[in-house]
Amino acid sequence: MNKGKIVITGGLGFIFSHVTEYFVKKGYEVTVIDNKSVGSHPEIIDDSFKYIDMHIADPEIIDVIMDENPDYVIHAAAISDVDYSIRESYRTLKKNILGNVHIFEACRHLPNLKKFIYVSTDEVYGECEYKKKEDDMIFPKNPYSCSKAVGSLLRITYDNTYEQLKNKTAETRFCNVFGPRQDKRKIMPAIKESIENGYSIPLHNEGTGYREYIYVKNIPPAMELILEKGNQTYNVTLNDGLTVHQLIEKAESVTGKKAITHPNNRPGMDMKYQMDNTRIMELGWKPIYTFEEGLKEYLCEK
Ligand SMILES: NC(=O)c1ccc[n+]([C@@H]2O[C@H](COP(=O)([O-])OP(=O)(O)OC[C@H]3O[C@@H](n4cnc5c(N)ncnc54)[C@H](O)[C@@H]3O)[C@@H](O)[C@H]2O)c1
């Protein structure tokens, strides 16, 4: 049964390659728009979905999405590497922000649109002294999170201004996602690489940065739930919070092997991200994997 047509930007990336495959299996007609850049997995391309090789900062993308005329849009394409965004702030801001504007513009011209989900991040809150709620102020403090926060503001703006989008937009703010296909520059693959092959992990700020972690296989069903029922912003976390130091210890105890680190500093780093998940739980989210189950599967299965 065809459950409707969905466009996924960034659908070849770490998280959304899993989402693409999930929606294909669930009977949606999927079109992925992705420029096969860092983090992408072109090896998943097959004839189960349509693939369009395109940059979201190219204004022609507006017409391309309008020609697709989907029922649903998920916008996840973004340069997602914080360290890169600090080195290359102009490029990151230009590509991510312009890309956001194009996708929002396309969505307000789609006659059949039932839902548009903008994929944001916990990083838009900045330093989290307490578990942030979705309506708390956003306070992005690095170029990556700033570019993501612009999309969060655009969502409010477009939902409020354009009658045809009213209550048809939603936003997700994930905590740190980990699992198969994640780019090796991120912390969890670095830990895996260290345990398996002796790679030395660059440890930001002595490993004191505190983040909440969630296994990637919990994300596709959460996206489907929001696609069907959501019309607000949703923090996506199970509140499994650890410092990087504790995360390494946990990985060492799960695998029985040692990781190696060396010191490294990230300027202006937020030391703590934590979020309240009441809203998505009340929407009916039932995660499949606990943090421990995800960690074991990721670190121990080949
Ligand atoms: N990984 C996390 O822990 C995490 C946490 C919170 C939010 N997010 C958000 O989730 C989304 C996916 O994150 P990820 O870690 O899977 O990222 P990723 O870097 O693995 O994948 C990003 C994908 O987007 C594509 N892309 C990037 N820029 C593009 C452009 N200009 N035009 C077309 N395609 C482009 C890449 O080719 C890649 O396939 C991002 O929006 C990110 O901000 C990720």
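*Asks:* Any chance you could break down unusual backbone geometry for me, citing the residues and the numbers?
*Replies:* Here Asn167, not a glycine, exhibits a phi torsion of approximately 60°, which is positive. Here Asn167 shows up in the loop between α5 (143-161) and β6 (169-174). On the basis of neighbour count, Asn167 is assigned to the exposed category, with 9 C-beta atoms found within 10 Å.

*Asks:* Residue-level account of the domain arrangement of the chain, with values.
*Replies:* Domains assigned within the chain are domain 1 (5-177 + 216-238 + 272-283) and domain 2 (182-210 + 241-268 + 290-300). Here the C-alpha centre of domain 2 lies 26 Å away from the C-alpha centre of domain 1. Each partner contributes residues to the interface: domain 1 has 12 residues there, and domain 2 has 10 residues. Within the side of domain 1 that touches domain 2, the residues separate by chemical class into 4 nonpolar, 3 polar and 5 charged.

*Asks:* Report on helix α7 (residues 219-229), specifying residues and quantitative values.
*Replies:* Taken residue by residue, α7 has Ile219, Pro220, Ala222, Met223, Ile226 and Leu227 as its buried positions. Projected onto a plane normal to the axis of α7, the buried residues spread over an arc of 160° and lie on a single side.

*Asks:* Tell me about the site of the ligand, and name the residues and values.
*Replies:* The environment of the ligand is formed by 30 residues, the closest being Gly10, Gly13, Phe14, Gly39 and Ser40. Sort the elements by how many residues they give to the shell around the ligand and helix α1 (residues 14-25) lands first, with 3 residues. Taken together, the residues that form the shell around the ligand break down as 14 nonpolar, 11 polar and 5 charged.

*Asks:* Give a detailed account of the sheet that holds strand β9 (residues 210-215), specifying residues and quantitative values.
*Replies:* Strand order across the open sheet formed by 3 strands is β7-β9-β11, with mixed pairing between neighbours. At either end of the open sheet lies a strand with only one pairing partner, and these are β7 (176-178) and β11 (241-243). Going from strand to strand, the sheet's axes swing by 45° on average, the running direction of each strand aside.

*Asks:* How would you sum up the packing of helix α6 (residues 187-197) against helix α8 (residues 244-255)? Please name residues and give values.
*Replies:* Between α6 and α8, whose axes approach to 11 Å, the crossing angle comes to 45°. For the element pair α6 / α8, the angle class is oblique. Between α6 and α8 the crossing geometry is right-handed. Seen from α6, the contacting residues are Ile187, Ile191 and Ile195; seen from α8, they are Val244, Leu247, Ile248, Ala251 and Thr255.

What counts and how
- Residues numbered from 1 in each chain as written.
- Predicted model: local features only at pLDDT ≥ 70, side-chain atom pairs only at ≥ 80, totals over all residues.
- Helix = DSSP H or I, 4+ residues; strand = E, 2+ residues; numbered from the N terminus.
- Buried ≥ 20, exposed ≤ 12 C-beta atoms within 10 Å, placed from the backbone.
- Domains from an automatic or database assignment.
- Contact = placed C-beta atoms within 7 Å.
- Nonpolar A, V, L, I, M, F, W, Y, C, P; charged D, E, K, R; others polar.
- Arc of directions from axis to C-beta.
- Near = placed C-beta within 6 Å.
- Pairing = 2+ DSSP bridges.
- Axes fitted to C-alpha atoms, helices over the stretch in contact; angles between N-to-C directions.
- Parallel < 35°, antiparallel > 145°, perpendicular 65-115°, else oblique.
- Left-handed = near helix turned anticlockwise from the far one by under 90°.

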